[in-house]
Amino acid sequence: MSSETSPLLNYRLYNVAGGFAESCAAPQDEELLAVSSTGSQPDDSRKLCTFFGVVVPTVLSMFSIVIFMRVGFVIGQAGFLQSLVMLVVAYIIVSLTVLSVCAISTNGAVKGGGAYFMISRTLGPEFGGSIGLMFFLANVCSCAVYILGLVEAILDMFGELPSAADTEPKGIHVLPQSYLYDVLYTSSILLLCLLICLVGAQIYAKTSFLIFLVVHLVLITILVSFFAVKPRTIPIVKQAGNESLAIDTNYTGFSTATLKKNLMDDYSVDYTTNYMMTFATVFAVMFNGCTGIMAGSNMSGDLKNPSYSIPKGTVIAVIYTFLVYLLLFFLVSFTCDRALLKGDYVFFRQINVWPPFVVIGVYAASLSAAMSTLIGASRILHALARDDLFGIILTPAKRTSKTGNPWVAVLYTWLLVQSVLFAGKLNTIAGIVTIFFLMAYAAVDLACLALEWASAPNFRPTFQLFSWHTCLLGIVGCLVMMFLINPAYASCGIVLMLLLLVVIHYRSPTSSWGYISQALIFHQVRKYLLLLDIRKEHVKFWRPQILLMVANPRTSAQLITFINDLKKGGLFVLGHVELGDLDTLPTDPIQPQYNFWLSLVDKLNVKAFVDLTLSPTVRQGVQHLLRITGLGGMKPNTLVLGFYDNCVPEDYFLCDPAFRDAKENDHFGVDTASLQAHFPPVRDGETSRSLTEAEYVAIISDALKMQKNVCLARYLHTMDRQDLLAKKRQERVSIDVWPLNLLQPDSTHYVDMCSLFLLQMACVLTMVASWKCARLRIFLCIESGDDSWVKKEEKLRELLDKLRIKATIKIVTWDDVLALHGLSREAPEASPGDSTLISDEYLRAANHMVLDQGFHTAVRFLYLPRPPVGPARSQRYLEQLDILTEGLGPTLLIHGLTPVTCTDL
């Protein structure tokens, strides 16, 4: 290979990294795909035992041709002692990940997709999709690297020698070498792999054990050669600038002197790349020989007993490969001169009892790795396509042949590998392959750690030799190794993963796989709710926590959206009472309704919870919800009701395109048509038939008795929020506050508890980003002969300053209105607090006064008086509220009971 070849190609050359498992699983993939949809699997498809299903693919994945061509490189550069340190550290990190893999895989069957399947079904589609795509790209690049490595081995045996070399040729050196010829060789081998994957993938999977035997036969000849071959001098060709020099090196046999010379490190320039080696670069080579640990878990669908085979087989394979590497390190350090190790990376062929054995092993291992990663990458891509995480781009990759082979995904993968081969610059690619695999392994550790920390009762793997400590150490080890190998590639890999995570989060549909984030959130929220002590509440940190009663969202959608603005980061609950008696019903009718209400919340894009109840009357249902809604310190403090009148608003579902246009089912089984059918249209008089006037007023009284603030919303369905708050509007809209109790005009208190609550709620609305363009106006009603209005205004302005509320105070002279006051001051028999004796003329005049003061008013806040005691006056009470608010547009009648403002720091 020329000196222009990547420095990283040399020491990340032959990482199988788990791809073989997918290739072995190729014959059964069609069954696995069927299982994912049916939920069952034929028993005859589970035929593999621990050895053939786990040990063989895992050992083959971890015994790539690194063991044949880079063991000498590691010992020659790092020395025996540092090589041992590298081996131990690499296997500690790999072993920690193996524990996580075994734990997850024994908690449920792992289907097609390998690491992608485990991560996505545990951490959710965002992490699964991003890591899965990176794992796919890593396999693509690995396939290209393996093919280039195979070409390097072929050219080493059959390629033309440099003209300056004066050594006797060993082999048939007839193949010309140049960039174009290298592309031709690599493309031809890739085409062969493609044909096998398209036509004979099953045949290849069945020959995995044969490849396993060939690789071990070669290993046995190598081990025997250390004892059978006598010491000899081995000439090698060494590049010195543009010249090739022949030098003599020695195979000394077992010698303590050779071991002493090979103990310490001696980092120098790599002869294939002309780059200076370091601990980090050599460590990357060592780690590439330890990957492929997920091969066994990827075979779970084909194992007779996956819960038993995966942990046992994977652990056996890891221990076995560790011992083989350790033995080779020891034998090489005892017998080979350092010049030989650093000058000829395929020296095993030179000291073998029969050199063609090594050549056969290199070719078999490299071709196996190339095909396994090609097949494995296509399976990952097919799994990504089936999950619809990347939309139309990967839609064709869902297609399979009659036998279940995802041939389109294979073609996709082949094109990408071919592009990499044409690029010819593998310095970036070969380096980032290791980073991708390490990120996948770190994500598996993260998935296991999250499951352990979430304390989910259903996480009970049969493999118990793990803990959150091992998961955390595995994550830290993978991250440290990533940045040790190459900080730039590690940073780019993490940034790419985060970008993919954000893209998938915003464009992918909601999945039904189960989100570990939900389990973790539940676990943490429970802890924080216990810490949220209601005895420690302070008025400084008060916020509205609203229960909005909704009879039918078809007529209440605008109100729901408006209250979502009014909550200011507080609790917002949509409450609904279903009339009925559970004693007379076979099943609870409430539970099936939650999905429809939650889908409604999604479509309206509001941050609200849903709470439904079954009750014989609406009043009892509201009482239930006021008492039991919420948890701990997060319980509603404000009840919002729609106004009691005969108005039937326009059907919102027929106006908004989101509800009008039919779409496919979401992952929870609710589509637009089902949502429309679940909430039937409201007809005239429906509200009055289900709720009497006395019951409605009683609900208000009940809420006040339970120390809940009450808001009555009227005409909110007429609010065009988008038009009011559009930035293109030339005039600013206003929020009008009338803090005086208009049903008790004798009262002159503008700063009582209720009026302060009005101010606070109006101020909260102006703090919402979409309402910041609105101006707040407060109206002060005075009589023309009252000279104290200046003091009242100053007092009100001073209060606003203390409360940090920016508002305009408007002075309104209401002599004409007050003159129509139905309660004569000369009538001592009339109680001043009896608002039911107020005349309709006064109420209409007050209504006209409020209406006349409106100037681009978006919403009005009015004082809601307490309801009368007893049901006899309920009708009159509602009539007065109806006259007072008639035609005012969006209006909130509010009665506040609790202190909500504070002037202290």
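Cut-offs used in this document
Residues numbered from 1 in each chain as written. Predicted model: local features only at pLDDT ≥ 70, side-chain atom pairs only at ≥ 80, totals over all residues. Heavy atoms only, no water. Helix = DSSP H or I, 4+ residues; strand = E, 2+ residues; numbered from the N terminus. Buried < 20%, exposed > 50% of the residue type's maximum accessible area, 1.4 Å probe, protein only. Pairing = 2+ DSSP bridges. Axes fitted to C-alpha atoms, helices over the stretch in contact; angles between N-to-C directions. Contact = heavy atoms within 4.5 Å. Patch = residues over 30% accessible without salt bridge, like charges linked within 9 Å, V, L, I, M, F, W, Y side chains within 5 Å. Areas by Shrake-Rupley, 256 points an atom, 1.4 Å probe, with all protein chains shown as cover. Salt bridge = Lys/Arg side-chain N within 4 Å of Asp/Glu carboxyl O. Parallel < 35°, antiparallel > 145°, perpendicular 65-115°, else oblique. Nonpolar A, V, L, I, M, F, W, Y, C, P; charged D, E, K, R; others polar. Expected span 1.5 Å × (residues − 1). Arc of directions from axis to C-beta. Phe/Tyr/Trp six-rings, centres within 6.5 Å; stacked < 30°, edge-to-face > 60°. Core = buried A, V, L, I, M, F, W, Y, C linked by side-chain atoms within 4.5 Å. Lys, Arg positive; Asp, Glu negative; His and termini not counted. Polar contact = N/O pair within 3.5 Å; in protein donor to acceptor, adjacent residues only side chain to side chain.

> Explain the environment of A608 to me, please; I cannot follow it from the model alone.
With respect to the element layout, A608 can be found in the loop between α24 (594–604) and β5 (609–615). For A608, a relative accessible area of 15% gives the class buried. For A608 and I563, which are 45 residues apart along the polypeptide, the C-alpha to C-alpha distance reads 9.8 Å.

> What is the right way to read unusual backbone geometry from this model?
Backbone phi values are negative for most residues with the exception of glycine, while trans is the configuration of most peptide bonds. You will see that K568, though not glycine, has its phi angle at about 50°, which is positive. A positive phi is found at Y715, a non-glycine position, where the angle reads about 60°. Checked against the element boundaries, Y715 lands in the loop between β7 (709–714) and α30 (721–724). On the basis of relative accessibility, which here comes to 17%, the residue Y715 falls in the buried class.

> Explain the sheet that holds strand β8 (residues 734–738) here, please?
Hydrogen bonding along the main chain pairs the strands of a sheet, whether they run parallel or antiparallel. Here we have ten strands laid out as an open sheet, ordered β5-β4-β3-β6-β7-β12-β11-β8-β9-β10, and mixed in their pairing. Strands with a single pairing partner mark the edges of an open sheet, and in this sheet they are β5 and β10 (808–813). Taken over all neighbouring pairs, the strand axes of this sheet differ in orientation by 25° on average, direction set aside. Note: β8 against strand β11 (residues 857–863), five bridges, orientation parallel. Pairing of V737 across the sheet is with F861, part of β11. Lying over the sheet, helix α31 (residues 753–767) contacts β6 (638–642), β7, β8, β9 (775–782), β11 and β12 (891–895), oriented at roughly 160° with respect to β11.

> Would you take a moment to explain a nonpolar patch on the surface for this structure?
On the surface, I220, V224, V353, W354 and I360 cluster together to form a nonpolar patch covering roughly 450 Å² of accessible area. By the element assignment, V224 lies in helix α11 (residues 208–228). Residue classification places V224 among the partly exposed residues on the basis of a relative accessible area of 43%.

> What's the story with the pattern of salt bridges in this structure? I'm lost.
Any two side chains of opposite charge can pair, so long as their charged atoms come close to each other. Following the criterion strictly, the structure yields eleven salt bridges and no others. For D651, the salt bridge is made with R554, and the minimal N-O distance between the two is 2.6 Å. You can see D651 sitting in the loop between β6 and α26 (657–660) and its partner R554 sitting in the loop between β3 (546–549) and α23 (557–566), a full 97 residues away along the chain. Per residue, the accessibility class of D651 equals that of R554, and both read buried. One salt bridge in this structure joins D840 and R876, with 2.8 Å as the shortest N-O distance. Residue D840 is located in helix α34 (residues 840–852), and its partner R876 is located in helix α35 (residues 874–885); the two are separated by 36 residues in the primary sequence.

> Help me understand the packing of helix α6 (residues 71–105) against helix α12 (residues 256–263), please; the structure alone is not making it clear to me.
Helix packing for two helices is described by the angle between their axes and how far apart those axes are. Running from N to C, α6 and α12 point in directions that differ by 95°, and their axes come no closer than 7 Å. With respect to their mutual orientation, α6 and α12 come out roughly perpendicular. Contacts between α6 and α12 involve G79, F80 and L81 from the first element and L259, N262 and L263 from the second. Among the residues making up the contact of α6 with α12, the classes are represented as four nonpolar, two polar and no charged.

> Quick question: what am I supposed to make of the pairing of β7 here?
The side chains of a regular strand alternate between the sheet's two faces. Counting buried residues along β7, six of its six residues qualify, which places the element largely inside the surrounding structure. Here β7 shows no split at all, with N709, C711 and A713 on one side and V710, L712 and R714 on the other all buried. In this sheet, β7 lies alongside β6 in parallel orientation, the contact comprising five bridges. Directly across from G642, in β7, lies its bridge partner A713. In this sheet, β12 lies alongside β7 in antiparallel orientation, the contact comprising five bridges. Looking at β12, one finds that L712 is bridged to L893.

> How should helix α20 (residues 468–485) be read in this particular structure?
Three- or four-residue spacings in an α-helix give side chains the same orientation, since the helix completes a turn every 3.6 residues. Here α20 spans 26 Å end to end across 18 residues, near enough to the 26 Å set by a 1.5 Å rise per residue. Buried residues of α20: T470, C471, G474, I475, G477, C478, M481, M482 and I485, and no others. For α20, the angular spread of the buried residues around the axis is 165°, confining them to a single face. Of the residues in α20, the exposed ones pointing more than 90 degrees away from the buried face are L473 and V480.

> Would you mind going over the packing of aromatic side chains with me for this structure?
Aromatic ring pairs are described here by two measures, namely the spacing of the ring centres and the angle between the planes. Following the criterion strictly, the structure yields 25 aromatic pairs and no others. Geometrically, the ring pair formed by F51 and F52 is edge-to-face, given 5.2 Å between the ring centres and 85° between the ring planes. Ring geometry for F227 and F254: centres 5.1 Å apart, planes at 35°, overall tilted. Of the two residues, F227 sits in helix α11 while F254 sits in the loop between β2 (243–251) and α12, which places them 27 residues apart along the sequence. One aromatic cluster in this structure is built from F80, F227, F254, F330 and F334.

> Which parts of the structure should I look at to understand the nonpolar core?
By size, the foremost hydrophobic cluster in this structure holds 150 residues, and its most contacted members are I67, F68, F226, V332, C336 and F348. Those residues in contact with I67 that sit more than four places away from it in its chain are L219, V324, Y325, L328 and F348.

> Could you clarify how one ought to interpret the side chain of D344 in this entry?
Take D344: it is sitting in the loop between α15 (338–343) and α16 (347–350). Here D344 sits buried without a salt bridge, and the closest side chain of opposite charge, R349, lies 5.7 Å off (N-O distance). Among the polar contacts made by the side chain of D344, one reaches the side chain of Q350 at a distance of 3.4 Å. Sequence-distant contacts of D344, that is, excluding residues within four places in its chain, are made with I236, Y271 and Q350.

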